[in-house]
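One-letter residues, chain by chain:
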Amino acid sequence: MIGSMPSLRERTLGLGLLTCGILIAQAGDAVGGVGTPVPHCLLVAQAASSAAGSVTYTPMRRPGAPSPAVAAQPSPLLPKAPASPAPLAPTYAPAPAPPVPVPPTYAAPPPVVPAPAAPTPFAPEVGAPSANAEPVGTVAAKSIRPAKPGHRFLGVVSDAGMPDGLNLGLVLAPADWMRFVAAIGSNSASLGYRGGLSLVPMGWGPSFTVEVGHCNTAPTTSLLRTFFTVPSWMQQYVQQLGYTYVNAHVGFDYRLGGFTLFVHGGVTYLSGTLRSPASVVVDSKTNTSIKIPEDGAVTAYTLSAKAGLLYMFGGL
């Protein structure tokens, strides 16, 4: 065994000796073929390790020497198989308790409102018919016929115009769109009377009126002379006047509650009588006078108008 060589020279010498030994051993194997082969890998490894530091000398086998006993090589160690874990006992979870049945909840049904009972039809009492009793069909018709609530059918009216004069009358309205009028008044000379019919299709607004009136014969006044104009030479002969007239008017009626304000105008046909009871002096120098014993007649078409206020107060 050669110990450690501290110098590089010694290391080199050792490596050369080791190489020569390897070559000799290989030559012996080739010639004799006896002996135990030396593992070259081990020698190379030793040569390599000797270069690093210490060199180990292995004696060489001579030719014809018995082979040394080869030590039994230990069997390679196999990795132990990991021990199988002991089987675990199965763990049983307790079965869940059955659900507690919950009684179903029912919403209360909405209350049922009973339908109103049908009104009992009117049945007239049947008894011994009297002399003044109305037939059953008439009584039933009167009970079923609906009455118009709030309809006013009775009223008064006041109006002024020409040739009517100033009048005050009574109004009867069987419907909102129809009025009958009866009035009495004066044309500033005599009393007169008048009757008429007014139609108001919508109850208010445009209206259509037809009237017939008469004014008694009486001495004329300045108001009548203004309305009935005649030539100046005839004025002395028109001493008394009476006439009958027919009005055809259109107008507008404004209704506010029970009151109605109206303005009507149109055409009037007039038929009158002229009287001259007193003699008319035609020449004052000779004191000549003329007396007309007979009545004269006059007819005319003229424009006319009037305005008035109506109040309805009676009703069901």
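Counting from 1, residues in each chain are numbered in the order their sequence is written. For this predicted model, a pLDDT threshold of at least 70 governs which residues receive local features, and a threshold of 80 or more governs which side-chain atom pairs are given and counted, while totals over whole chains, interfaces and linings are taken from all residues. By convention in this description, side-chain values take in all heavy atoms of the structure and omit both hydrogens and water.

Asks: What am I meant to see in the overall build of the protein here?
Replies: Under the DSSP-based scheme used, a helix requires at least four consecutive residues in state H or I and a strand at least two consecutive residues in state E, with every element numbered from the N terminus. The number of helices and strands found in the protein is 4 helices and 10 strands. Counting helices and strands in the order they occur from the N terminus, the protein gives α-α-α-β-β-β-β-β-α-β-β-β-β-β. We call a residue buried when its accessible area falls under 20% of the maximum for its residue type, exposed when it is over 50%, and partly exposed in between, using a 1.4 Å probe and counting protein chains only. Across the 316 residues of the protein, 22% fall into the buried class. By definition in these notes, contact holds between two residues if any of their heavy atoms fall within 4.5 Å. Long-range contacts, defined here as pairs at least 24 residues apart, represent 59% of the contacts in the protein between residues at least 6 apart. Each accessible area is a Shrake-Rupley result for a 1.4 Å probe, and residues are judged covered by the shown protein chains and nothing else. Only carbon and sulfur atoms are counted for the fraction: they give 69% of the accessible area of the protein, which is about 22900 Å².

Asks: How should the nonpolar core be read in this particular structure?
Replies: Side chains that are nonpolar tend, in soluble globular proteins, to be buried together. Joining through side-chain atoms within 4.5 Å is the link that ties buried Ala, Val, Leu, Ile, Met, Phe, Trp, Tyr and Cys residues into a set, and such a set is a nonpolar core. Grouped together as the largest cluster of nonpolar side chains are 10 residues: Met162, Cys215, Leu224, Phe228, Val238, Leu241, Tyr243, Tyr245, Leu270 and Leu274. Elements with a contribution of two residues or more to this core: strand S6 (240-256) and strand S7 (259-275). Here the element with the most residues in this core is S6; it accounts for 3 residues. Discounting residues that sit within four places of it in the chain, Cys215 has contacts with Pro163, Asn187, Ser190, Leu191, Gly192, Gly242, Tyr243 and Tyr245.

Asks: Can you walk me through the environment of Trp204 in this structure?
Replies: Within the element layout of this structure, Trp204 appears in the loop between strand S4 (191-199) and strand S5 (205-219). Its relative accessible area of 44% is what places Trp204 among the partly exposed residues. Spatially, the C-alpha atoms of Trp204 and Trp177 are 7.8 Å apart, while their sequence positions differ by 27 residues. Sequence-distant contacts of Trp204, that is, excluding residues within four places in its chain, are made with Phe252, Asp253 and Arg255.

Asks: So what exactly am I meant to see when it comes to the side chain of Thr209 here?
Replies: Within the secondary structure, Thr209 is located in strand S5. Two N or O atoms count as a polar contact when they lie within 3.5 Å, although within protein this holds only if one can serve as hydrogen donor and the other as acceptor, and sequence-adjacent residues are included solely when both atoms are side-chain atoms. A distance of 3.0 Å separates a polar atom in the side chain of Thr209 from a polar atom in the side chain of Ser198.

Asks: Got a minute to help me understand the confidence of the model for the protein in this structure?
Replies: For any part of a model where pLDDT is low, the fine detail of the predicted coordinates should not be relied upon. For every residue, the predictor assigns a confidence score, pLDDT, that lies between 0 and 100. With 59% of its residues at a pLDDT of 70 or more, the protein shows a mean pLDDT of 75. Per-residue pLDDT stays below 50 along residues 1-5; that stretch engages in 6 contacts with residues further than four places along the chain or on separate chains. Note on residues 33-55: pLDDT under 50 across the span, and 23 contacts to partners over four residues away in sequence or across chains.

Asks: Looking at this structure, how should I read unusual backbone geometry?
Replies: Negative phi characterises most residues that are not glycine, and trans characterises most peptide bonds. Cis peptide bonds are those with omega within 30 degrees of zero, and the linkage from Met162 to Pro163 qualifies with 10°. Along the polypeptide, Pro163 turns up in the loop between strand S1 (152-162) and strand S2 (165-175). Even without being a glycine, Ser188 presents a positive backbone phi close to 80°. Within the fold, Ser188 resides in the loop between strand S3 (178-186) and S4.

Asks: Whenever I open this one, the environment of Val281 confuses me. Can you help?
Replies: Tracing the backbone through its elements, the reader meets Val281 in strand S8 (residues 280-283). A sequence separation of 45 residues divides Val281 from Gln236, and the C-alpha atoms of the two residues are 9.1 Å apart. Setting aside anything within four residues of it in sequence, one finds Val281 in contact with Gln236, Thr288 and Ser289.

Asks: Whenever I open this one, the pattern of salt bridges confuses me. Can you help?
Replies: If charged atoms from side chains of opposite charge come close, those side chains can pair. We define a salt bridge as a side-chain nitrogen of Lys or Arg found within 4 Å of a carboxyl oxygen belonging to Asp or Glu. As enumerated under the stated definition, the model contains 7 salt bridges in all. Residue Arg194 is joined to Asp159 by a salt bridge in which the shortest nitrogen-to-oxygen separation is 2.8 Å. Taken together, the residues span a long stretch of sequence, with Arg194 in strand S4 and Asp159 in strand S1 at a distance of 35 residues. Asp159 shares its class with Arg194; the two are buried. The salt bridge involving Arg194 is made with Asp164; its shortest N-O contact spans 3.0 Å. Here Arg194 is found in strand S4, whereas its partner Asp164 is found in the loop between S1 and S2, with 30 residues between them in sequence. Taking relative accessible area as the criterion, Asp164 reaches 2% and is therefore assigned buried.

Asks: Quick question: what am I supposed to make of a nonpolar patch on the surface here?
Replies: Side chains of Val156, Leu170, Met202, Trp204, Phe252, Tyr254, Leu256, Phe259, Leu261, Leu309, Tyr311 and Phe313 sit close together on the surface and give an oily, nonpolar patch of about 1200 Å² of accessible area. Elements represented by at least two residues in the nonpolar patch include exactly S6, S7 and strand S10 (296-315). By the element assignment, Phe259 lies in strand S7. For patch building, the residue pool is restricted to those with more than 30% relative accessible area and no salt bridge; the joining distance is 9 Å between like charges and 5 Å between nonpolar side chains (Val, Leu, Ile, Met, Phe, Trp, Tyr).

Asks: Where do I start with the packing of aromatic side chains in this structure?
Replies: To describe a pair of aromatic rings, one takes the distance between the centres and the angle between the planes. Pairing of aromatic rings covers Phe, Tyr and the six-membered ring of Trp, with a centre-to-centre limit of 6.5 Å; geometry is then stacked below 30 degrees between planes, edge-to-face above 60, and tilted otherwise. In the structure shown here, the tally under the stated rule is 5 aromatic pairs. Centroid distance Phe259 to Tyr311: 4.5 Å. Interplanar angle 35°. Geometry classified as tilted. With a gap of 52 residues between them, Phe259 in strand S7 and Tyr311 in strand S10 connect regions that are remote in the sequence. Taking the relative accessible area as the measure of exposure, Phe259 reaches 45% and is therefore partly exposed. With relative accessibility at 31%, the residue Tyr311 sits in the partly exposed group. Geometrically, the ring pair formed by Tyr269 and Tyr301 is tilted, given 4.9 Å between the ring centres and 50° between the ring planes. You can see Tyr269 sitting in strand S7 and its partner Tyr301 sitting in strand S10, a full 32 residues away along the chain.

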